[in-house]
Amino acid sequence: MKEILDGLTGKAITPCNKEYEQARLEWNRANQKYPIIIVYCYSVEDIKNAVCWARSHGIGIRIRSGGHHYQGYSNGNGILVIDVSYMKRIKLDESKNTVFVQSGVENRELYNYLGERGYPFPGGTCPTVGVAGFAMGGGWGYSSRFMGLGCDSLTSIDMLDYQGTLLKADDNHNSGLFWALKGAGGGNFGVVTSMTFQLPLKVTRVTLVDLEYLNADPKIMTSFLDTWQDWLINLDPRITINGSLYNSAVDGKGIYGRGLFYGSAEEAAEILKPFALGGAVLSLQEMTFFQAIQKIQAGYPDSEKFQSTGRFVKRRYRMEEIESIVELIQERAEGSIFAAVSVYALGGNISKIDRTSTAFYYRDAAYIMGIQSVWEEDRYASVNRSWVNERFQYLKQLTVGSYINFPYNCLPDYEEEYFGENIYRLQQINKEYDPMNVFCFPQAIRLTSSDRL
């Protein structure tokens, strides 16, 4: 085995190692993959050696940071995983108001570092998601309407290409690649090794928003969605929330919303008045940004088994359409412990950037809407996936495009669904930076048919 691994540096894990079973797992335990080698990289040199080794042995590559790809595409069967999760350097430059982040840093680690210094950050909600994967897919979070998507704060990115060359991408160097990585960089083009973000100004207090309707019947759920779509029009950009219409084996049926408001609890209460529907319980807590993020992240489990989707909404729905959406989750699939239709607010400063200015295309959408099912026993996986797919077909008729950070493996034309008209430019950039199609996975940006001839 040692001879086979010659040329690899870092920490290589194979099925012969006792650590393998744990190392191969992703956060979504519904995805069980069996790579032949997992290389934990400590440096850019380790990544370079892994890329060159995989190419010389004709073995496919996957790139993993936090291991949160919903479809498990940061892992695979019979491939080499380049795991950058040990590359965790963070450096703050207060003179420029920027932060340098290596690609193994997780949301919680960056929040801890910046939060202790008084800075907010437009990151994600789940603590163990890798910042790199989050930002390369656009990056929605509870600060997005106020500060933009995660990718909008990027000022530069370092990436290792298929030849093992380290490239700098920013507005002045490899600017096309920089454009592409901001919304389409998750696993495409090369291995991101580090990023630099422009930081927002420090804030002293934010308001953590929690909104819940226990035992909500279909009528309340319908009223909530109807209110939601009108509420988003001309909404104060300082607030970003999401809401879930859920059917839980433990808690029954209800609605739960959470988010952040960059202002006082009194102001937030006024903004949220339209949601004073029957049975609403509103909690507004003023605290530091860091305290709010800690509370948000504490609600996530260590892992789950699930299937989920995310689509973009651009129009107002008629009442009968809303009623049909609500009906989707009134009955769970067999073995499901939780099912939901969830909505995530867009607009605000997200929409102030043109849809062709970054690879993230759906800037003009009002919100994201998706459906999910969670199960515990493997024997129910198939029926739950079918349950999601059946309902997804209805949502697809009402929406345009899919969010790459909520990927779905049942999209026949996934490139157009994820990237809209930006896909044509992305294919040309992919041809330029990965002409050998080294960084390939089931929903990677593909070379065009003419390029493959």
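Quantities reported herein were computed from a predicted structural model and do not represent experimental measurements.

A.B. asks: Provide a residue-level description of the side chain of Glu106, including the pertinent values.
C.D. replies: Mapping Glu106 onto the fold places it in the loop between strand 6 (98-102) and helix 3 (107-115). Ignoring anything within four residues of it in the chain, the contact list for Glu106 reads Lys88, Pro127, Thr128, Val129, Gly130 and Val131.

A.B. asks: Explain the state of the cysteines residue by residue, including any values.
C.D. replies: One pass over the full model with this rule turns up zero disulfides. The cysteine Cys41 is free of any disulfide, with Cys52 supplying the nearest cysteine sulfur at 12 Å. The exposure class assigned to Cys41 is buried, which follows from its relative accessible area of 0%.

A.B. asks: Provide a residue-level description of empty space enclosed by the protein, including the pertinent values.
C.D. replies: Counting across every chain of the model gives three cavities of 30 Å³ or more. Approximately 50 Å³ is the volume found for the largest cavity. Residue lining of the largest cavity: Tyr111, Gly123, Gly124, Thr125, Tyr142, Ser143, Leu260, Phe289, Ile293, Ile296 and Gln297, and that is the complete set. Per element, the largest residue contribution to the lining of the largest cavity is four residues, and it comes from helix 9 (residues 289-297).

A.B. asks: Outline the environment of Asp170, listing residues and values.
C.D. replies: The topology assignment puts Asp170 in the loop between strand 8 (166-169) and helix 6 (175-184). Take Asp170: its relative accessible area is 9%, and that puts it in the buried class. Taking the C-alpha atoms as reference points, Asp170 and Met436, 266 residues apart in sequence, are found 23 Å from one another. Among all residues touching Asp170, those that are not within four sequence positions of it are Thr155, Ser156, Ser175 and Phe178. Among the polar contacts listed, one links the side chain of Asp170 to the backbone nitrogen of Asn172, at a separation of 2.8 Å. Separated by 2.7 Å, the side chain of Asp170 and the backbone nitrogen of His173 make a polar contact.

A.B. asks: Tell me about the sheet that holds strand 7 (residues 154-160), and name the residues and values.
C.D. replies: Strand order in the open sheet made by the five strands is 5-6-9-7-8, with antiparallel pairing throughout. Each edge of the open sheet is held by one strand with a lone partner, namely strand 5 (90-93) and strand 8. Direction aside, the axes of adjacent strands within the sheet are offset by 15° on average. Two strands pair when backbone bridges link them, and strand 7 and strand 8 are joined in this way by four bridges, in the antiparallel orientation. By the bridge assignment, Ile157 is partnered in strand 8 with Ala169. Against the sheet, helix 3 contacts strand 5 and strand 6, and its axis sits at roughly 35° relative to strand 5.

A.B. asks: Which residues make up the layout of surface pockets, and what are the values?
C.D. replies: Approximately 580 Å³ is the volume found for the second largest pocket. In terms of lining, the second largest pocket is formed by 26 residues, of which the most central are Gln22, Leu25, Gly66, Glu106 and Thr128. Within the residue set of the lining of the second largest pocket, elements represented by two or more residues are strand 1 (11-13) and helix 1 (20-23). Looking at the lining of the second largest pocket residue by residue, the class counts come to 10 nonpolar, seven polar and nine charged.

A.B. asks: Could you give an account of the nonpolar core, naming the residues involved and the relevant values?
C.D. replies: Ranked by size, the top nonpolar core spans 115 residues in total, and within it Phe189, Trp228, Trp231 and Leu426 carry the most contacts. The residues contacting Trp231, other than those within four sequence positions of it, are Ile239, Ile241, Ile271, Leu272, Pro274 and Phe275. Among the nonpolar cores identified, the runner-up in size contains 21 residues, and Leu5, Ala50, Val84 and Leu160 belong to it.

A.B. asks: Got a sec to walk through the packing of aromatic side chains? Specific residues and values, please.
C.D. replies: The description of two aromatic rings rests on the distance between their centres and on the angle between their planes. This model, assessed by the stated rule, comprises 28 aromatic pairs. Here Trp228 and Trp231 contribute two aromatic rings whose centre-to-centre distance is 5.8 Å and whose plane-to-plane angle is 40°, an arrangement assigned as tilted. In this pair, Trp228 and Trp231 are both assigned in helix 7 (residues 218-231), three residues apart and thus about one turn of the helix distant. Where Trp231 meets Phe275, the ring centres are 4.9 Å apart and the plane angle is 75°; that geometry is what we call edge-to-face. In this pair, Trp231 sits in helix 7 while Phe275 sits in the loop between helix 8 (265-271) and strand 13 (280-287), placing the two residues 44 residues apart along the sequence. The exposure class of Trp231 is buried, given its relative accessible area of 8%.

A.B. asks: With reference to specific residues and values, describe helix 7.
C.D. replies: Here helix 7 contains 14 residues, and its C-alpha end-to-end distance of 19 Å stays within 8% of the 20 Å for a straight helix at 1.5 Å per residue. The element helix 7 is largely enclosed, with a buried count of 10 among its 14 residues. All of the buried residues in helix 7 are Ile220, Met221, Thr222, Phe224, Leu225, Asp226, Thr227, Trp228, Gln229 and Trp231.

A.B. asks: Outline the pairing of strand 8, supporting the account with residue identities and numerical values.
C.D. replies: Side chains of strand 8 alternate between two faces, with Leu167 and Ala169 buried and Leu166 and Lys168 left unburied. Between strand 7 and strand 8, which pair antiparallel and follow one another directly, the connecting turn spans five residues, one of which, Gly164, has a positive phi of 85°.

A.B. asks: How would you explain unusual backbone geometry if you had to name every residue and give the values?
C.D. replies: Even without glycine at this site, Asn97 takes up a positive phi of about 60°. Classification of Asn97 as buried rests on a relative accessible area of 16%. If you check the backbone angles, Phe189 has positive phi at about 75° while not being a glycine. Considering the arrangement of structural elements, one finds Phe189 in the loop between helix 6 and strand 9 (191-198). Look at Phe189 and you get buried, because its relative accessible area is 0%.

A.B. asks: Go over the packing of helix 7 against helix 10 (residues 319-327) with me, naming the residues and quoting the values.
C.D. replies: Following both chains from N to C, one finds helix 7 and helix 10 inclined at 125°, their axes separated by 9 Å at the closest point. In terms of orientation, helix 7 and helix 10 fall into the oblique class. The handedness of the crossing between helix 7 and helix 10 comes out as right-handed. From helix 7, Pro218, Met221, Thr222, Leu225, Asp226 and Gln229 reach across to helix 10, where they touch Met319, Ile322, Glu323, Ile325 and Val326. A class-by-class count of the residues in the contact of helix 7 with helix 10 yields seven nonpolar, two polar and two charged.

What counts, and where the lines are drawn
- Residues numbered from 1 in each chain as written.
- Predicted model: local features only at pLDDT ≥ 70, side-chain atom pairs only at ≥ 80, totals over all residues.
- Heavy atoms only, no water.
- Helix = DSSP H or I, 4+ residues; strand = E, 2+ residues; numbered from the N terminus.
- Contact = heavy atoms within 4.5 Å.
- Disulfide = S-S within 2.5 Å.
- Buried < 20%, exposed > 50% of the residue type's maximum accessible area, 1.4 Å probe, protein only.
- 1 Å grid on protein atoms, 1.4 Å probe; cavity = no way out; pocket = protein on both sides within 12 Å on 5 of 7 lines; lining within 4 Å.
- Points joined across faces, edges and corners; volume = space filled by probe spheres on them.
- Polar contact = N/O pair within 3.5 Å; in protein donor to acceptor, adjacent residues only side chain to side chain.
- Pairing = 2+ DSSP bridges.
- Axes fitted to C-alpha atoms, helices over the stretch in contact; angles between N-to-C directions.
- Nonpolar A, V, L, I, M, F, W, Y, C, P; charged D, E, K, R; others polar.
- Core = buried A, V, L, I, M, F, W, Y, C linked by side-chain atoms within 4.5 Å.
- Phe/Tyr/Trp six-rings, centres within 6.5 Å; stacked < 30°, edge-to-face > 60°.
- Expected span 1.5 Å × (residues − 1).
- Parallel < 35°, antiparallel > 145°, perpendicular 65-115°, else oblique.
- Left-handed = near helix turned anticlockwise from the far one by under 90°.

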